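Letter by letter, the chains look like this.
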Amino acid sequence: MCDTCGCSTEGGAVLRKPGQSDYHLHVNEHENAHGEHHSHEHGDHHHEGSGRKVVLEQDVLQKNNLLAERNRGYFEARKIFALNFLSSPGSGKTSLLEKIIPALQQRFPVAVIEGDQQTTNDADRIQALGVPVIQINTGSGCHLDALMVNRAMKELEMQNNSLLCIENVGNLVCPALFDLGEALKVVIISVTEGDDKPLKYPTMFHEADICILNKIDLLPYVEFDAAKCRENAMRVNHHLEWFELSAKTGEGLAALREWLEGKMAQH
Amino acid sequence: MHEMSIALSIVEAVEERARQEGAGWVSEIELLVGKLAGIEPESLKFCFSAAAAGTLAARALLAIEEPEGVGECGECGMTFPVNFYYAECPACRSLRVKIISGEEFLIQSMTIEEEEE
Ligand SMILES: Nc1nc2c(ncn2[C@@H]2O[C@H](COP(=O)(O)OP(=O)(O)O)[C@@H](O)[C@H]2O)c(=O)[nH]1
Ligand SMILES: [Mg+2]
Ligand SMILES: [Zn+2]
Ligand SMILES: [Zn+2]
Ligand SMILES: [Zn+2]
Ligand SMILES: [Zn+2]
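The rules behind the values
Residues numbered from 1 in each chain as written. Chains lettered and ligands numbered in written order. Predicted model: local features only at pLDDT ≥ 70, side-chain atom pairs only at ≥ 80, totals over all residues. Heavy atoms only, no water. Near = heavy atom within 4 Å. Polar contact = N/O pair within 3.5 Å; in protein donor to acceptor, adjacent residues only side chain to side chain. Areas by Shrake-Rupley, 256 points an atom, 1.4 Å probe, with all protein chains shown as cover. Helix = DSSP H or I, 4+ residues; strand = E, 2+ residues; numbered from the N terminus. Nonpolar A, V, L, I, M, F, W, Y, C, P; charged D, E, K, R; others polar. pLDDT = per-residue confidence, 0-100. Contact = heavy atoms within 4.5 Å. Donors = N, O, S within 2.8 Å, 3.2 Å for Na, K, Ca; no water. Buried < 20%, exposed > 50% of the residue type's maximum accessible area, 1.4 Å probe, protein only.

### Section: the site of ligand 1
Residues and elements named next belong to chain A. As a structural note, the neighbourhood of ligand 1 is formed by 17 residues, with Gly90, Lys93, Thr94, Ser95 and Asp217 the closest of them. Between an oxygen atom of ligand 1 and a main-chain N or O atom of lysine 93, the distance comes to 2.8 Å. If ligand 1 stood free it would expose 580 Å²; the protein chains cover 71% of that surface. Here the shell around ligand 1 gets three residues from one element, more than from any other, and that element is helix α2 (residues 93-104). Split by residue class, the shell around ligand 1 holds three nonpolar, eight polar and six charged.

### With respect to the confidence of the model for chain A
Chain-level pLDDT for chain A is 89 on average; 88% of the residues reach the 70-or-more range. Note on residues 30-47 of chain A: pLDDT under 50 across the span, and 20 contacts to partners over four residues away in sequence or across chains.

### Some points on the confidence of the model for chain B
Looking at chain B as a whole, the pLDDT averages 90, with 97% of positions reaching at least 70. Listed scores for the predicted complex are pTM 0.85 and ipTM 0.85.

### Things to note about the coordination of the magnesium ion (ligand 2)
Residues and elements named next belong to chain A. Bound to the magnesium ion (ligand 2) on the protein side are Thr94 (OG1), Asp122 (OD) and Glu167 (OE), at distances that span 2.1 Å. Here the donor residues for the magnesium ion (ligand 2) map to a single chain with the spacing T-x27-D-x44-E. Note that aspartate 122 is positioned in helix α3 (residues 121-127) and glutamate 167 in strand β7 (residues 163-167), a separation of 45 residues in sequence. Each member of the pair, aspartate 122 together with glutamate 167, is buried.

### Thoughts on unusual backbone geometry
Residues and elements named next belong to chain A. In this structure, glutamate 57 is a non-glycine residue whose phi angle is positive, near 45°. For glutamate 57, a relative accessible area of 55% corresponds to the exposed category. We note that lysine 79 has phi near 55°; this positive angle belongs to a residue other than glycine. With respect to the helices and strands, lysine 79 occurs in the loop between α1 (62-77) and β4 (81-87).

Right, here's the structure in full:
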């Protein structure tokens, strides 16, 4: 049971808004799916092998993919440019948004969807910048999916021609499999991780469009070969757009900002 | 964990179709999970039994076929087996390799039994 509203929803994602402790909305996947299961007597005959084969040839993630396409259509109709930010926990997704949004905001409207298993901490940090933000709490879920984003974007007051930043749950594995309807995927890795990370999580780096190496202010203190990391990332995906920066000092941020402004002007 | 939500989507898709077909229950599900798809078949099987409990697929056997990864060189056109996305062409050493097989993630078919057991 949900301890906020007492409803019977078990697990599942919840939307929250910073500073509005009474706001909370469940993302319900199985609204009227299963239900009428009934038990019955077992006959004593056996019919193994008497079955009929039905061909499906259906993508396992079809439902998510279809919904992601609907999100994409919504974004396109409103000229919203959506980015899906992906990384391990602590690589600096929220810090980067905090640092870059104030500059971007002067050029075009920005909105943010925050994904975390628990808390509205990240949404609170973004709220302080004065941009529309909504928090998705996935509970036990380790990734955002297209349904959560679909519900969240309808609750978010977004202007046309906005940049929408979606911060995914910190995890380099399954968020790669779930299309949200974004225009581009941005993967962030920091210099306190290993420079072989792209080789360890190839699916994520293969799916990404942009790779950001963060925390370069710490390079003098850690054993991390930035050139090697870049080479590893390029081996997995030679189309990757590469940036090196520090969300703390702001070093290298201008290049990313200019690149994003260019994308916003084109799309 | 993501295998759990994936197992749930498989059960949901299978159950929906099984109902349309008027099935009593589902005895087998055939999946195609490419070696590069990012899915661990063993943990998928493990999650499946939990996800399918109480559904038409509760006693379904999960048969998983795992196509090997195959890459095609963008420079010389050669095709060769790949285990990972960072493949290198064995003929010309190019890294411009396009994956042409191994990323499949499909529900191929299911076997339905007409009568409820
Ligand atoms: N030194 C340094 N620390 C950073 C940088 N970016 C983020 N951090 C720190 O890394 C920690 C995690 O950052 P956060 O943005 O919450 O990561 P997230 O989990 O990816 O959203 C925080 O303590 C940040 O202050 C950076 O560029 N340099
Ligand atoms: Mg964060
Ligand atoms: Zn509730
Ligand atoms: Zn997940
Ligand atoms: Zn997972
Ligand atoms: Zn070649």
